[in-house]
Amino acid sequence: MQIDDMFRIIAIGFFIVGWLGVQGQNPGYETGARNAAMGGATVAHVDLWSAHQNQGAMAFLKESAIGVNYGRRFSLSELSQVGLAAVWHSELGNFALTGHRDGFESFNRTKFGLSYGRLFGDKIGIGVQFNLMNTYIAETENQPLGFTFEMGMRYVINDDFSIAAHYFNPTRSRIHPDFDDRYSTILRAGFEFAPSEEFCLAGEAYQDMNQDIAFRLGIDYAILEVIHLRTGFSTGTNQFGGGLGIVVERLNIDLSAQLHRTLGWTPQV
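Description of the structure in this document. (Residues numbered from 1 in each chain as written. Predicted model: local features only at pLDDT ≥ 70, side-chain atom pairs only at ≥ 80, totals over all residues. Heavy atoms only, no water.)

**Section: the pairing of strand β5 (residues 124-137)**
Phase 1 of the analysis: Of the strand pairs in this sheet, strand β4 (residues 107-120) and β5 are connected by 14 bridges, and their pairing is antiparallel. In the strand pairing of β5, glycine 113 is matched with asparagine 131.
Phase 2 of the analysis: Taking the residues between adjacent antiparallel strands as the criterion, β4 and β5 are bridged by three residues, where glycine 121 takes a positive phi near 80°.
Phase 3 of the analysis: Across 10 bridges, β5 lies against strand β6 (residues 146-156) in antiparallel orientation. In the strand pairing of β6, valine 128 is matched with methionine 151. (Pairing = 2+ DSSP bridges. Helix = DSSP H or I, 4+ residues; strand = E, 2+ residues; numbered from the N terminus.)

See the structure below:
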């Protein structure tokens, strides 16, 4: 057996055993290259991927948008992940369709969401998302669909500072009705400090009810009008992130890579 093949088996085994051991904790359903570059500290940030990260922040979007995200966990094609987001802005609020899939032929997870976010005044945004879930394991005969929901809020304290919170699966929905395995219940709360268009500092606390609390910190700095440099860190997975953002009129391109000290790089675009 070649070394590359052995590494693939170890990494895939780590993915499955780690996931099953905590009923769906990390790697979670968070999507977006900017989120990865910032160490996951994006609960208070407003952009297209707020449709995945915090539907209360999504309420602040002022125009419709659509995007796609692709990544490879530990640089392995077997552990690829794909994310989709489409937001429709209207006078009634913002509506969104989201999708996420990760894994490989014998083990994969899929999530589709329908979300709505609305502003109350100009400082408070509240949103909710309903999800259709599926976890596919080749050796399991009956693999029913699961249902979860999530909700979030964002509050603008002033022009420079905002706080936000997001709650995923508060009902502790089951992965399979015949077993007690459940989708993770996750609470995130954090802030974003953006004193100018060139600089942003963000932080959050991340609590999976199956795990110890984790802290995340990220920085976004525009070295040019169209180029952003980003970096971040999460104590939960002890992973460093970094990336680049390119803004050309209405087109945003985000690149990122996260480093796991044992298993290596996870690139996203």
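So, next bit.
**A few points about the environment of leucine 119**
Phase 1 of the analysis: Residue placement: leucine 119 occurs in strand β4.
Phase 2 of the analysis: Measuring from C-alpha to C-alpha, the distance between leucine 119 and arginine 154 comes to 9.4 Å, with 35 residues separating the pair along the chain.
Phase 3 of the analysis: Other than its neighbours up to four places away in sequence, leucine 119 contacts Ala59, Phe60, Ile124 and Gly125. (Contact = heavy atoms within 4.5 Å.)

**Overview of the pattern of salt bridges**
Phase 1 of the analysis: The tally for this structure, following the rule as stated, stands at 10 salt bridges.
Phase 2 of the analysis: Close ionic contact of arginine 188 with glutamate 30 constitutes a salt bridge, the shortest N to O distance being 3.8 Å. Of this pair, arginine 188 sits in strand β8 (residues 186-196) while glutamate 30 is found in the loop between α1 (3-21) and α2 (33-37), placing the two residues 158 residues apart along the sequence.
Phase 3 of the analysis: The class for arginine 188 is buried, based on a relative accessible area of 4%.
Phase 4 of the analysis: Note that lysine 111 is salt-bridged to glutamate 150, the shortest N-O span being 3.1 Å. With lysine 111 in strand β4 and glutamate 150 in strand β6, this pair connects stretches of sequence that are 39 residues apart.
Phase 5 of the analysis: Residues joined in a network through salt bridges with shared partners are Glu30, Arg188, Glu204 and Arg216. (Salt bridge = Lys/Arg side-chain N within 4 Å of Asp/Glu carboxyl O. Buried < 20%, exposed > 50% of the residue type's maximum accessible area, 1.4 Å probe, protein only.)

**Digging into the packing of aromatic side chains**
In this description, a pair of aromatic rings is defined by centroid distance and the angle of the planes.
Phase 1 of the analysis: Using the criterion set out here, one finds five aromatic pairs in the structure.
Phase 2 of the analysis: Residues phenylalanine 130 and phenylalanine 149 carry aromatic rings whose centres are separated by 6.2 Å and whose planes lie at 35° to one another, so their mutual orientation is tilted. One end of the pair, phenylalanine 130, is in strand β5; the other, phenylalanine 149, is in strand β6, and 19 residues separate them in sequence.
Phase 3 of the analysis: On the accessibility criterion, phenylalanine 130 (53% relative accessible area) is exposed.
Phase 4 of the analysis: Where phenylalanine 233 meets phenylalanine 240, the ring centres are 4.7 Å apart and the plane angle is 45°; that geometry is what we call tilted.
Phase 5 of the analysis: An aromatic cluster is defined as three or more aromatic residues linked by ring pairs; in this entry it consists of Trp88, Phe95 and Tyr116.
Phase 6 of the analysis: The ring of phenylalanine 74 has arginine 73 lying over it, and the distance from NZ or CZ to the ring centre is 5.8 Å.
Phase 7 of the analysis: Above the face of the phenylalanine 60 ring, arginine 154 is positioned so that its terminal group lies 4.7 Å from the ring centre. (Phe/Tyr/Trp six-rings, centres within 6.5 Å; stacked < 30°, edge-to-face > 60°. Lys NZ or Arg CZ within 6 Å of the ring centre and 35° of its normal.)

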